[in-house]
Amino acid sequence: SSITEAEQELRKAMRMVSRPLVQDLQLRKLQKAARELASGTAPHVVISRLNRYLKSNNKELASEARLVLDRINEFAGQLIEEARSLAEEDAYECSRLLKRVQVDFKGVPAAGEARKVLNEYMAQPEFKYELQATALYYQMRDLESTLRPVTSGPDRFNVHSQSFKE
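Because the structure is a prediction, the values reported are computed rather than measured. The numbers attached to residues start from 1 for each chain and follow its sequence in the written order. Given that the model is predicted, a residue must reach a pLDDT of at least 70 before its local features are reported, and side-chain atom pairs must reach 80 or more before they are shown or counted; all residues, however, enter totals for whole chains, interfaces and linings. In computing side-chain values, all of the structure's heavy atoms are included and hydrogens and water are not.

**Some thoughts on the overall build of the chain**
Phase 1: Helix numbers and strand numbers start at the N terminus; a helix is a DSSP run of H or I with at least 4 residues, a strand a run of E with at least 2. The helix and strand inventory of the chain stands at seven helices and zero strands.
Phase 2: Mapped from its N terminus to its C terminus, the chain presents α and β elements in the order α-α-α-α-α-α-α.
Phase 3: Any residue under 20% of the maximum accessible area for its type is buried, any over 50% is exposed, and the rest in between are partly exposed; the area is computed with a 1.4 Å probe on protein chains only. Here the chain holds 166 residues, and the buried ones make up 34% of them.
Phase 4: Expressed as a percentage of contacts within the chain between residues at least 6 apart in sequence, the contacts between residues at least 24 apart total 56%.
Phase 5: Each accessible area value is a Shrake-Rupley result obtained with a 1.4 Å probe; residue values ignore everything except the protein chains displayed when judging cover. Surface summary for the chain: the accessible area is close to 11400 Å², and the carbon and sulfur share equals 50%. For this analysis, residues touch if any pair of their heavy atoms sits within 4.5 Å.

Below is the structure:
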């Protein structure tokens, strides 16, 4: 599937948090952006548009864009802190969350911060080994789910129409 589990979790989190994220803002020009965030639209789509609005000659539009971008960046910062809290106990989830912040919040400073934090963790051998071990575990688990049990009975030994019986 094109939507990974992490993306689904992020969209769910954005739907739960987006309303309070911008609900208290008195937006006159950017109500559509607020609705998109609340409906689970990928944040980078909205961020890209908001960054263009910052250059607008319309001061109200630029001001609202700055306000919403600041809130989005603040939320992404909270996700980075969540990832930091996961670092020691679950390197894989920490890494996954930091990568999602980099992709989904591209265009706000927190995306660069997430990249920096992940690079710092990847420089630590213990973190890197834990990440590799967990990735291997998931690969093995996925491979295991594709294995089929051998059926019982004499037909399982049938090779080129010659049946081997005991």
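**A look at helix 2 (residues 31-39)**
Phase 1: Buried residues of helix 2: Ala33, Ala34, Glu36, Leu37 and Ala38, and no others.
Phase 2: Gly40 sits one or two positions beyond helix 2 and adopts a positive phi of about 100 degrees.

**Considerations on the packing of helix 4 (residues 59-86) against helix 5 (residues 91-104)**
Phase 1: Lines fitted to C-alpha atoms define the axes here, with helix axes fitted over just the stretch in contact, and angles between the N-to-C directions of these axes take values from 0 to 180 degrees. Between helix 4 and helix 5, whose axes approach to 8 Å, the crossing angle comes to 165 degrees. The orientation of helix 4 with respect to helix 5, classified from their angle, is roughly antiparallel. Helix-helix and strand crossings are classified by hand; for helix 4 and helix 5 the assignment is left-handed. Between helix 4 and helix 5, the residues in contact are Ala76, Leu79, Ile80, Glu82, Ala83 and Leu86 and Ala91, Glu93, Cys94, Leu97, Leu98 and Val101, respectively.
Phase 2: Residue composition of the contact of helix 4 with helix 5, grouped by class: 10 nonpolar, no polar and two charged. Angles are sorted into four bins: roughly parallel if under 35 degrees, roughly antiparallel if over 145, roughly perpendicular if 65 to 115, and oblique for all others. Should the near helix be turned anticlockwise from the far one by less than a right angle, the crossing is left-handed, and should it be turned clockwise, the crossing is right-handed. Think of it as three bins: nonpolar holds Ala, Val, Leu, Ile, Met, Phe, Trp, Tyr, Cys and Pro, charged holds Asp, Glu, Lys and Arg, and polar takes everything else, Gly as well.

**Quick notes on helix 3 (residues 43-53)**
Phase 1: Buried within helix 3 are the following residues: Pro43, Val46, Ile47, Arg49 and Leu50. Down the axis of helix 3, the buried set is contained in an arc of 165 degrees. They therefore lie on one face. Comment: arc refers to directions from the helix axis out to C-beta atoms.

**Quick look at the nonpolar core**
Phase 1: Residues Leu50, Ile72, Cys94, Leu98, Phe105 and Phe127 are the most contacted members of the largest nonpolar core, which totals 35 residues.
Phase 2: Elements represented by at least two residues in this core include exactly helix 2, helix 3, helix 4, helix 5, helix 6 (109-122) and helix 7 (125-144).
Phase 3: Per-element accounting of this core gives the leading share, 11 residues, to helix 4.
Phase 4: Contacts of Leu98, omitting those with residues within four sequence positions, involve Ile80, Ala83, Ala114, Val117, Leu118 and Tyr121. To form a nonpolar core, buried Ala, Val, Leu, Ile, Met, Phe, Trp, Tyr and Cys residues must be joined to one another through side-chain atoms within 4.5 Å.

**Description of the pattern of salt bridges**
Phase 1: Whenever a carboxyl oxygen of Asp or Glu lies within 4 Å of a side-chain nitrogen of Lys or Arg, that contact is scored as a salt bridge. On inspection of all chains with the given rule, the structure shows seven salt bridges.
Phase 2: Between Arg84 and Glu113 there is a salt bridge whose closest N-O contact spans 3.2 Å. Taken together, the positions of Arg84 in helix 4 and Glu113 in helix 6 put the pair 29 residues apart, joining distant regions of the chain.
Phase 3: Judged by its relative accessible area of 31%, Arg84 is partly exposed.
Phase 4: As a salt-bridge pair, Arg141 and Asp142 come within 3.9 Å of each other at their nearest N and O atoms.
Phase 5: Residues participating in the shared-partner salt-bridge network are Glu81, Arg84 and Glu113.

**Concerning the packing of aromatic side chains**
Phase 1: Only the six-membered ring of Trp is used, alongside the rings of Phe and Tyr, when aromatic pairs are assigned; centres must lie within 6.5 Å, and planes under 30 degrees apart are stacked while those over 60 apart are edge-to-face, with the rest tilted. This structure, assessed with the given rule, holds four aromatic pairs.
Phase 2: Ring geometry for Phe75 versus Phe105: centroids 6.1 Å apart, planes at 55 degrees, classification tilted. Of this pair, Phe75 sits in helix 4 while Phe105 is found in the loop between helix 5 and helix 6, placing the two residues 30 residues apart along the sequence. Each of the two residues, Phe75 as well as Phe105, counts as buried.

**Comments concerning the confidence of the model for the chain**
Detailed reading of predicted coordinates is not advised where the pLDDT is low.
Phase 1: Here the chain averages 82 in pLDDT, and 75% of its residues register 70 or above.
Phase 2: You can read pLDDT as the predictor saying how much it trusts each residue, on a scale of 0 to 100. Element-level pLDDT for the chain is lowest in helix 1 (residues 5-23), with a mean of 61, against a maximum mean of 97 in helix 6.

**What about the environment of Ala87?**
Phase 1: Looking at the element boundaries, Ala87 is found in the loop between helix 4 and helix 5.
Phase 2: Ignoring anything within four residues of it in the chain, the contact list for Ala87 reads Cys94, Tyr121 and Phe127.

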